[in-house]
Amino acid sequence: MGAQHSGGASRLSVAAALVAAALSLASTAASATRVAEAAASLAKPPQDARTLVRWWWFGPAEEQGELAREIRAMHAGGFGGFEIQPVYPMQLDDPARGIRNTGYLSPEFLKNVGFANEQAHALGLRVDITLGSGWPYGGPHIPVQMAASRLRVVAVDIPPGATGVAAPVIGSGERLLASFIGPGSAKKYEGSQLQLKELGPDARPAIAPSSEARVAVFYLASRTGQQVKRPAINAEGFVLDHLSSAAVQHHLQTVAEPLLKAFGDKPPYAVFSDSLEVYGTDWSDDFLAEFQKRRGYDLRPLLPNLDAIHNEQAAAIRHDWVQTQTELVNERYLSPIDAFAKAHGTRFRSQTYGEPAVTMSSNRLVALPEGEGPQFRSFSFTRWATSAGHLYGRNVISAETWTWLHSPSFAATPLDMKAEADRMFLSGVNQFIAHGWPYTPPGTPEPGYSFYAAAVFNDHLPWWNVMPDVNAYLTRVSHLLRQGQPANDVAVLLPVHDAYAEMPLGKVSVSAEMHKFVSNTLMEQVLDAGHNIDYVDPESVASLGIRYPLLVLPHVTRLAPEVLLKIEQYVKQGGKLLIVGSQPRLAPGYRDYARRSQETAAITARLIQLPGVRVVASDAEVGQAVAALSQPDMQLDANASAIGFIHRKLDDGDLYFIANTSNRPVQAKARFSAKGRYAAWWDPHSGAISPAATAPQLDLAPYESRVLVFSDKPTSGKAAGPQRLRVLQDLGQQWRVRFPGQPEQNLAKLGSWHEDPATRYLSGVVSYSKRVQLAATGKRVWLDFGQGTPLDTVPKVPAGMRAMLDSPVREAAVVLVNGQRAGSVWRPPYRIDITPWLKAGENTIEVQVGNSALNVLAGRGYFDHRLLWARYGQRFVPQDTELIAPQPSGLLGPVTLQTEAE
């Protein structure tokens, strides 16, 4: 392995090396250490903090003119680049429309990759590419002998008196590992009573007869049979064995090398591996030999412990079986791909969770950890990735975002984007990968293509006119959350060894098991006590120690003595420890199990007697115990469950991102642990800075977010935002409205245009204009669109994030005052300060409203994929299409001009 990659490194071109060095320096420079440095970049944050899009190339069947147009649109919309992801075809070849499916890795496809890269570089955009089509890695180049592997168990009844047994047929890519015979039947047997028998290779091997009914159990090294999900044409095939060096190296040589060659002397910023969804994998061809070498004993005679024996010895053996899988995927998949990326002047971005059984600390092996899922108040793969980044010094931590946002496709709104993004921010994310941007060939009926299970964020959306404003917010906060160092003050230890010991055959995922230990209740109790959370695991504790003021052990039973000694040392040095539920009493692993378990139990007995240690029986008691052990980082007198925060520590100050995650206004008095004498609000939308109280009263609109910065230097100016407003004029009636392609007309009263049969299926931008007379008062004036309507439930909405608030502007708008752009309306508070653009006398207000693309989609029907599926197979099924219906659209009212109260 090492020799192979040292050769690759020696072939690294000088150009690629220079690019890699420049990117590394740029990444390092992105993080300020002092408040003044961070403030200097607030108004115009660097482009590397911009959101990327996952760019789906369907077919592939792209043409360069449209590729260039879409890249320019991404840039204009405020996106920072894209990740190329080739997936299934959307159309059959159609010469009349210029559609030709060229096939994955075809010369035409690779030429388009190089073209897109050149176009992006000309605009300063980042380009990533996944090292495959669809996910997980695999394809037609993977023979069954390199396909994802599993342990297959076949139980066969042996009748009384039988002198032979029907052995299972050994298929392609399979091998018999061991055979056992014992009492019982194929449906029920006790594994501890099975005896290893060396049965011959015959189809019906001979056995000694018995007067009792028995069972023969065969263990086979087999294959999962999983195929690559959502593949492009010519990318179909087996998912590769992620525990096999030969399979991974073959994939890199066959797929990754041609892809990176297409980039020429401008390598991609990063290469990407999607979430590890290698379902059912738990084996590899040399697993028994590797197990013996690593664990020090032979697994073959003990195989029934993996599925048919349920005691502490079997749990210890299962632990070693899964730990070996972790080591193999780390050494044979993650590390080689990271080395491959470095050797080619790029980085490895990886969603390191799922199957095979990676751990949180496996993220230390990749340059760019990535998470997924907006579950801020429960266990999530996002916090799994951000915690690893915080621990192992990865300052930029991305997340696949908006994957299932407000299904069906095209339903998602700008506020939906913000509601999910804020939860990602609170979890530690500071780089978004938008899921996503579907390539759409010219001539496709609006609103164009969509991925089968994802939101759409391209310029076919009617509300695209506010996308630059949405991205400006996301960019500014992403940049701010890269400044200084992470400052979460509670660590929750992930019980990796307990998860290992409980894994069943065919479902081996550490990350998927964590919710059993890190419950929603536990997470909520810690967060509501005024803290934010990172995860740690036994490996990080052993290698890095513990730097958090408070450590929580949630239902941990198995822990190595050497890790417990680290925790004991941590407590003796002033750290606080909270043990929840079960206490560590067993050592992980089978070798020397009894002696090491006695050590674990003895250390735990000493540990719980130390000052600074509390033990509680249930998750419901965690909040009170946390309060007794640690002072809150942000203490609220109300609405703690609705308001989240994340804290970054600079050399001379503290930065807090604060967000109302609920759909209703919230108020709370806040106190912070930061010691700065002064505080300032840093507006995440405009970049403006204004003074704040060090113990401010939070008054947050639904889904509103703010940034509070503490330092020892005062901020000039006065506090931002109005205290009390009064209505200056009611603008709810008598507007002029102009629909696309139609002359301007009078609108007596505001309301949704989808209620009019003539415009029910209209998706587009509609202009509302009104003239207003104003006297010079010297006071500020706001254009207010109302509060919106909070939703308690939404019928027939599938799983997935959405903002539970109906906007008074459906879905977003750009406001012009006297012909000049004054701002946009897409999130609460639905209010714009228009003072700088007003004049005494007559003023013209124009509101350009973009609605949902669902309206036009409902009017024309959905794509018919029947012939496509007949030709290429059913590679996708569009999700939730029964929910496609016209949505409320336009200015719904009330609209008022408001000014400062006397």
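Within each chain, residue numbers correspond to sequence positions counted from 1 in written order. It should be noted that, the model being predicted, local features are given only for residues of pLDDT at least 70 and side-chain atom pairs only at 80 or more, the latter also being counted only at that level, while totals for whole chains, interfaces and linings use all residues. For side-chain calculations, the full set of non-hydrogen atoms in the structure is used, while hydrogens and water are omitted.

Its 17 residues place the ends of helix H6 (residues 245-261) 22 Å apart at the C-alpha level, agreeing with the 24 Å of an ideal helix rising 1.5 Å per residue. Working definition for bend: take the seven residues up to and ending at a residue and the seven starting at it, fit an axis to each, and measure the angle between the axes. A run of H or I in DSSP counts as a helix once it spans at least four residues, and a run of E counts as a strand once it spans at least two, with each numbered from the N terminus. At Leu252, H6 is bent by approximately 35°, the largest bend along its length. A simple rule labels every residue: compare its accessible area, found with a 1.4 Å probe on the protein chains alone, to the largest value its type can have, and call it buried under 20%, exposed over 50%, or partly exposed in between. Where H6 is concerned, the buried positions are Ala247, Val248, Gln249, His251, Leu252, Val255, Ala256, Leu259 and Leu260. Each helix should span, by expectation, one fewer than its residue count multiplied by 1.5 Å.

By secondary structure assignment, the location of Arg606 is in helix H17 (residues 593-607). Judged by relative accessible area, Arg606 falls into the partly exposed class, the value being 41%. Taking the C-alpha atoms as reference points, Arg606 and Glu568, 38 residues apart in sequence, are found 8.5 Å from one another. Residue contacts are defined here by distance: any two heavy atoms, one from each residue, within 4.5 Å place the two residues in contact. Leaving out residues up to four positions away in the same chain, Arg606 has contacts with Leu565 and Glu568.

Let us look at unusual backbone geometry. Note the cis peptide between Glu446 and Pro447, where omega equals 10°. Positive phi, normally seen in glycine, also occurs at His555, with a value near 60°. Inspection of the secondary structure assignment puts His555 in the loop between strand S20 (550-554) and helix H16 (561-572). Here the phi dihedral of Tyr703 falls at roughly 60°; this positive angle occurs in a residue that is not glycine. Residue placement: Tyr703 occurs in the loop between strand S29 (697-700) and strand S30 (705-711).

Summarising the sheet, strand S32 (residues 733-738) and strand S33 (residues 745-749) pair through 4 bridges and their orientation is antiparallel. The partner of Val737 across the bridge, within S33, is Gln745. DSSP calls a pair of strands paired once it identifies at least 2 bridges connecting them.

Across the sheet, which stays open at both edges, the 3 strands sit in the order S23-S26-S29 with antiparallel pairing between neighbours. If you trace the sheet from one side to the other, it starts and ends with strand S23 (634-636) and S29, each paired once. Taken pair by pair, the neighbouring strands of this sheet meet at an average axis angle of 40°, ignoring direction. Here 4 bridges tie strand S26 (residues 666-672) to S29, and the two strands are oriented antiparallel to one another. Opposite Val666, over in S29, you have Leu700 as the bridge partner. Only the contacting stretch of a helix is used when fitting its axis, a line to C-alpha atoms as for every element, and angles between N-to-C directions run 0 to 180 degrees.

By definition, pLDDT measures how confident the predictor is in each residue, and it falls between 0 and 100. Across the protein chain, the average pLDDT comes to 94, with 95% of residues at 70 or higher. Counting contacts from residues 1-29, a segment whose pLDDT is below 50, to residues more than four positions away or on other chains yields 29 contacts.

The subject of this paragraph is the nonpolar core. Among the nonpolar cores identified, the biggest contains 216 residues, and Leu299 and Ile567 are the most heavily contacted of them. Here this core takes 10 residues from helix H8 (residues 312-343), the largest share from any one element. Not counting residues up to four positions away in its chain, the partners in contact with Leu299 are Trp283, Phe287, Leu288, Phe291, Leu306, Ile317 and Trp321. Residues Met634, Phe645, Val666 and Ala668 belong to the second largest nonpolar core, which totals 19 residues. Nine residue types can take part in a nonpolar core, namely buried Ala, Val, Leu, Ile, Met, Phe, Trp, Tyr and Cys, and a core is a set of them joined through side-chain atoms within 4.5 Å.

Here we take up helix H18 (residues 622-629). Those residues of H18 not exposed but buried are Val622, Gly623, Ala625, Val626 and Leu629. Axial view of H18: buried residues confined to an arc of 165°, hence all on one face. Facing away from the buried side of H18 by over 90 degrees, the exposed positions are Gln624 and Ala628. Where H18 is buried, its residues contact helix H14 (520-528), S20, strand S21 (576-580) and strand S22 (613-616). To be clear, the arc concerns the directions from the helix axis to the C-beta atoms.

To continue, consider the packing of aromatic side chains. Stacked, tilted and edge-to-face are the three classes applied to pairs of Phe, Tyr and Trp rings, where Trp contributes its six-membered ring and a pair requires centres within 6.5 Å; stacked means planes under 30 degrees apart, edge-to-face means over 60, and tilted covers the rest. On inspection of all chains with the given rule, the structure shows 37 aromatic pairs. Their ring planes at 85° and their centres at 6.4 Å tell us that Phe379 and Phe381 sit as a pair that is edge-to-face. Classification of Phe381 by relative accessible area gives partly exposed; the value is 26%. Ring pairs connect the aromatic residues Trp56, Phe58, Tyr88, Tyr449, Phe451, Tyr452, Phe863, Trp869 and Phe876, which therefore count as one cluster.

In the sections that follow, a salt bridge refers to a side-chain nitrogen of Lys or Arg positioned within 4 Å of a carboxyl oxygen of Asp or Glu. Counted by the stated rule, this structure contains 50 salt bridges. Note that Asp806 and Arg802 form a salt bridge whose closest N and O atoms lie 3.8 Å from each other. One salt-bridge network, held together by shared partners, links Arg54, Glu83, Arg126, Asp128, Asp274, Arg349, Glu370 and Glu400.

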